[in-house]
Amino acid sequence: MLTTTLFGLVGGLGLFLFGVNVMAEGLQKSAGDKMRRTLEVLTNIPLMGVIMGAVVTAVTHSSTAITVMVVGFVNAGLMTLKQAVSVILGANVGTTVTAQLVAFHLTEYALPAIGLGFALFFFSNHRLTKYVGQAILGFGILFLGMDTMTSALRPLQELPIFTDLMLSFGRYPFLGILAGALFTAAVQSSGATIGLVIILAGQNLISMQGGLALVLGSNIGTTVAALLASIGTSITARRTAVAHLIFNIGGVVIFYPFLHLFLKLLAFTSTSPAREIANAHTLFNVVNALLVLPFINNFVAFITRIVPGDE
């Protein structure tokens, strides 16, 4: 059973990540260049930067790609640190769209989407139609991966060592945060972590508190890509990556003492555990962005002090 479960989980996760990448690539090809130019031009006002960061990330389904791209923009002198921080605030909000999409349980549409996407991508001669087909194909593969992981994890309900591990995340949320951060850093996708937590919650394999801890941890783990991308870049680009890390860790520190209150709030948003997990991801990032946005100048000054150096 363990071998079958492990292969199913790894294979399903691979399909999920591949689907996200295919879908994101199709969407980026169809609208990416315009969005890059828009990011460069319309981010002088912090609120506009947040909105643009959220919209672009929601469309491309990859906060990692956007934050790495922003680090590159800053390194090339196309963005200031303040502009970059505002876009990252928005990117954190925009990335929650994937979790909301996954929580709809659209697995029954996976194969039809794969068939339609394949037909549009391989048989159309129109460039935009091909890219839309690629996005639909990725959408189908994503949900096929979700379905595969769901089937693979179902037998674990009868495995005491697994259920004890999941229960420990609820009893000791810090362990859940650490596990969520490490897993997200390893797979380079907070969406994959949230998708897995949604499956676990939907099958009652994890408590809401344990699931929430994993969600908070995923927001820390997702900053690793930007940190890696900033190696060898300018001081401002490195500050951008550190700002992303400090922003997400700060949000977790603020939320941690209020986990029980947060859980009560989530209970009002839905009766579905999967939807509650998705809502937790969204609420965390929206509230976090709203807390920092009015003090963005102070936040940028703080980052400049803790990462000293000449521009």
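In this text the structure is predicted, and so the values were computed from the model without any measurement. (Residues numbered from 1 in each chain as written. Predicted model: local features only at pLDDT ≥ 70, side-chain atom pairs only at ≥ 80, totals over all residues. Heavy atoms only, no water.)

The next subject is helix α4 (residues 81–94). The end-to-end C-alpha distance of α4 is 20 Å, a good match for the 20 Å that 14 residues give at a rise of 1.5 Å each. Within α4, 12 of the 14 residues are buried, leaving the element largely enclosed by the surrounding structure. What α4 keeps buried is the set Leu81, Gln83, Ala84, Val85, Ser86, Val87, Ile88, Leu89, Gly90, Ala91, Asn92 and Gly94. (Helix = DSSP H or I, 4+ residues; strand = E, 2+ residues; numbered from the N terminus. Expected span 1.5 Å × (residues − 1). Buried < 20%, exposed > 50% of the residue type's maximum accessible area, 1.4 Å probe, protein only.)

Before going further, it helps to examine the packing of helix α6 (residues 110–123) against helix α7 (residues 127–153). Describing two packed helices takes the angle between their axes plus the distance from one axis to the other. Across the interface, α6 lies against α7 with an axial gap of 7 Å and an inter-helix angle of 155 degrees. Relative to α7, the element α6 lies roughly antiparallel. As α6 runs across α7, the sense of the crossing is left-handed. Facing Ala110, Leu111, Ala113, Ile114, Leu116, Gly117, Phe118, Leu120, Phe121 and Phe122 of α6, the residues of α7 in contact are Thr129, Lys130, Gly133, Gln134, Ile136, Leu137, Phe139, Gly140, Ile141, Phe143 and Leu144. For the contact of α6 with α7, the per-class residue count stands at 15 nonpolar, 5 polar and 1 charged. (Axes fitted to C-alpha atoms, helices over the stretch in contact; angles between N-to-C directions. Parallel < 35°, antiparallel > 145°, perpendicular 65-115°, else oblique. Left-handed = near helix turned anticlockwise from the far one by under 90°. Contact = heavy atoms within 4.5 Å. Nonpolar A, V, L, I, M, F, W, Y, C, P; charged D, E, K, R; others polar.)

As a further point, take the nonpolar core. Residues Phe16, Leu142, Phe143, Met146 and Ile198 are the most contacted members of the largest nonpolar core, which totals 37 residues. Put simply, the parts of the chain that give this core at least two residues each are α1 (2–41), α5 (96–102), α6, α7, α8 (160–171), α10 (190–202), α11 (208–221) and α15 (273–292). In terms of residue count, the dominant contributor to this core is α10 (8 residues). Met146 has contacts with Phe16, Val102, Thr107, Gly195 and Ile199, leaving out every residue within four places of it along the chain. By size, the runner-up hydrophobic cluster in this structure holds 15 residues, among which are Met52, Phe73, Val87 and Ala241. (Core = buried A, V, L, I, M, F, W, Y, C linked by side-chain atoms within 4.5 Å.)

Let us now look at the side chain of Ser218. Structurally, Ser218 is set in helix α11. When residues no more than four places from it in sequence are discounted, the contact partners of Ser218 are Gly180, Ala181, Thr184, Ser190, Thr193 and Ile194.

A positive phi is found at Asn204, a non-glycine position, where the angle reads about 60 degrees. The residue Asn204 is located in the loop between α10 and α11 in this model.

With that settled, the discussion passes to the side chain of His281. Summarising the element assignment, His281 is placed in helix α15. With a relative accessible area of 1%, His281 lands in the buried category. When sequence neighbours within four positions are dropped, the list of residues in contact with His281 reads Thr95, Thr96, Ala99, Ile194, Val215 and Asn219.

Another aspect to go through is the packing of α11 against α15. Close contact between α11 and α15 brings their axes to 10 Å; oriented N to C, the two are set at 40 degrees. With respect to each other, α11 and α15 are oriented oblique. The chirality of how α11 crosses α15 is right-handed. Between α11 and α15, the residues in contact are Met208, Gly211, Leu212, Val215, Leu216 and Asn219 and Pro273, Glu276, Ile277, Ala280, His281, Phe284 and Asn285, respectively. A breakdown of the residues in the contact of α11 with α15 according to their chemical character gives 8 nonpolar, 4 polar and 1 charged.

Position of Ala201 among the secondary structure elements: in helix α10. Ala201 gets classed as buried once you look at its relative accessible area, which sits at 2%. Remark: the alpha-carbon pair of Ala201 and Ile45, spanning 156 residues in sequence, is separated by 39 Å. Apart from residues no more than four positions distant in its own chain, Ala201 is found in contact with Ile206, Pro273 and Ile277.

The next thing to look at is the packing of aromatic side chains. Per the stated rule, a full pass over the model turns up 6 aromatic pairs. Seen from their ring centres, Phe118 and Phe123 are 5.8 Å apart, and the 85 degrees between their planes marks the pair as edge-to-face. Taken together, the ring pairs connect Phe118, Phe121, Phe122 and Phe123 into an aromatic cluster. Residue placement shows Lys130 over the ring face of Phe121; its charged tip is 4.8 Å from the ring centre. (Phe/Tyr/Trp six-rings, centres within 6.5 Å; stacked < 30°, edge-to-face > 60°. Lys NZ or Arg CZ within 6 Å of the ring centre and 35° of its normal.)

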